[in-house]
Amino acid sequence: MGASQTRAANKYQDLTEKTGFSAEQIKNLHTRFQQLSGNEETISRESLENISALSNNPIRKQIIEAFFDKRNQHQNEVGTFQEISFEQFLMVMSHFQPPTLKTTEEEKEAMRKEKLRFLFNMHDTDNDGTITLEEYRKVVEELLSKSGAIGQEAAKAIADAAMLEVASTNVPHMAPDDFYEGITFEHFEQILKGLEMESRMHIRFLDVDTTTMRCGKSTS
């Protein structure tokens, strides 16, 4: 094995330990990263915005921003990146890995919490630790109004009603005049308590299926 191959193998091993992906999976993801970045060392939002499979996704903006959100890099940082490296790209992709037959119950619980935190961050756009009514309404509006089935005002009304329901569930003794600051991460966990998401939260929008980790032909 030559020196360059040895360095590549060591790099893949390091990334395997950080992300849980196998060397083959990392190689496939690196191929897709190079396709999207034009063989550059970093990738920008514009590169992801050009993915055709994302064009009609109602939460397209949130998905793209998640890749540049420092909170998703496992380093307890806040803020955003202008561009990300392959390693940073890989760290975000690692949130979508499904459990394997060897995954322990403790690991599954940690995986679930990590996925929930990732979803929470997508909606907590101002990094204040809560999903406010305005943030929640914006997501609902985008999901409903872009489907063409409902108008913007109706979407707002649905979001308001849903947030009030969440408030009454999470703060049952709240007085009528009390102001509900928003959904905390703890409340978010309770809301999604019965949802099995460890194996369901995966993506195909990069022409890479995180359930199989095989790169498809680029369509962007």
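Whatever comes next refers back to the structure up there.
What you see is a predicted model, and the numbers here were worked out from it, not measured in a lab.

K.L.:
Whenever I open this one, the overall build of the protein chain confuses me. Can you help?
P.N.:
For the protein chain, the helix and strand inventory stands at nine helices and six strands. Evaluated residue by residue, the protein chain yields a buried proportion of 38% over its 220 residues. Looking at the protein chain alone, contacts between residues at least 24 apart form 56% of all its contacts between residues at least 6 apart. When the accessible surface of the protein chain is summed, it comes to about 12,900 Å², and 50% of that surface belongs to carbon and sulfur atoms.

K.L.:
Help me understand the side chain of Ser-47, please; the structure alone is not making it clear to me.
P.N.:
Of note, Ser-47 is situated in helix H3 (residues 45-49). Classification of Ser-47 as buried rests on a relative accessible area of 16%. A polar contact is formed between the side chain of Ser-47 and the backbone oxygen of Leu-36, at a distance of 3.4 Å.

K.L.:
What exactly am I supposed to notice about the nonpolar core here?
P.N.:
Inside soluble globular proteins, nonpolar side chains tend to come together where they are buried. Leu-48, Phe-67, Phe-86 and Phe-89 are the most contacted members of the largest nonpolar core, which has 27 residues in total. For this core, the secondary structure elements donating two or more residues are helix H2 (23-37), helix H4 (60-67), helix H5 (86-93) and helix H6 (105-123). Residue contributions to this core peak at five residues, all from H5. Of all hydrophobic cores here, the second largest spans seven residues; its members include Phe-120, Ile-183, Phe-188 and Leu-192.

K.L.:
How do you make sense of the environment of Ile-84 when you look at a structure like this?
P.N.:
Inspection of the secondary structure puts Ile-84 in strand S2 (residues 83-85). Setting aside residues no more than four positions away along its own chain, Ile-84 makes contact with Phe-33, Glu-41, Thr-42, Ile-43, Phe-67, Phe-68 and Phe-89.

K.L.:
Hey, could you run me through unusual backbone geometry in this one?
P.N.:
A negative phi angle characterises most non-glycine residues, just as the trans form characterises most peptide bonds. Phi at Asn-39 is positive, roughly 65 degrees, even though this residue is not glycine. Relative to the elements of secondary structure, Asn-39 occurs in the loop between H2 and strand S1 (42-44). On the basis of relative accessible area, Asn-39 is assigned to the exposed category, the value being 61%. In this structure, Asn-127 takes a positive phi of about 60 degrees despite not being glycine. Inspection of the secondary structure puts Asn-127 in the loop between H6 and strand S3 (130-131). When its relative accessible area of 33% is taken as the criterion, Asn-127 is described as partly exposed.

K.L.:
What is the right way to look at the packing of aromatic side chains in this model?
P.N.:
One pass over the full model with this rule turns up seven aromatic pairs. An angle of 25 degrees between the planes, with centres 5.6 Å apart, marks the rings of Phe-67 and Phe-89 as stacked. Here the residue Phe-67 occupies a position in helix H4, and Phe-89 occupies one in helix H5, the gap between them amounting to 22 residues. The buried category is assigned to Phe-89, whose relative accessible area is 1%.

K.L.:
I'm lost on the pattern of salt bridges in this one. Help?
P.N.:
Between side chains of opposite charge, a pair can form when the charged atoms approach closely. For the structure on display, the rule yields seven salt bridges. Here Arg-71 makes a salt bridge to Asp-69, at a shortest N to O gap of 2.6 Å. Of the two residues examined, Arg-71 and Asp-69, each falls in the buried class. For Glu-189, the salt bridge is made with Lys-113, and the minimal N-O distance between the two is 3.0 Å. Here Glu-189, found in helix H9 (residues 185-191), pairs with Lys-113, found in helix H6; they are 76 residues apart in sequence, far enough to count as distant. Its relative accessible area of 42% is what places Lys-113 among the partly exposed residues. Overlapping salt bridges bring together Asp-14, Lys-18 and Glu-87 as one network.

K.L.:
Which parts of the structure should I look at to understand a negative patch on the surface?
P.N.:
There is a patch of like negative charges on the surface, built from Glu-40, Glu-41, Glu-46, Glu-49 and Glu-83. With respect to the helices, strands and loops of the structure, Glu-83 is situated in strand S2. A relative accessible area of 41% means that Glu-83 is categorised as partly exposed.

How each quantity is defined
Residues numbered from 1 in each chain as written. Predicted model: local features only at pLDDT ≥ 70, side-chain atom pairs only at ≥ 80, totals over all residues. Heavy atoms only, no water. Helix = DSSP H or I, 4+ residues; strand = E, 2+ residues; numbered from the N terminus. Buried < 20%, exposed > 50% of the residue type's maximum accessible area, 1.4 Å probe, protein only. Contact = heavy atoms within 4.5 Å. Areas by Shrake-Rupley, 256 points an atom, 1.4 Å probe, with all protein chains shown as cover. Polar contact = N/O pair within 3.5 Å; in protein donor to acceptor, adjacent residues only side chain to side chain. Core = buried A, V, L, I, M, F, W, Y, C linked by side-chain atoms within 4.5 Å. Phe/Tyr/Trp six-rings, centres within 6.5 Å; stacked < 30°, edge-to-face > 60°. Salt bridge = Lys/Arg side-chain N within 4 Å of Asp/Glu carboxyl O. Patch = residues over 30% accessible without salt bridge, like charges linked within 9 Å, V, L, I, M, F, W, Y side chains within 5 Å. Lys, Arg positive; Asp, Glu negative; His and termini not counted. Charge placed at Lys NZ, Arg CZ, Asp CG, Glu CD.

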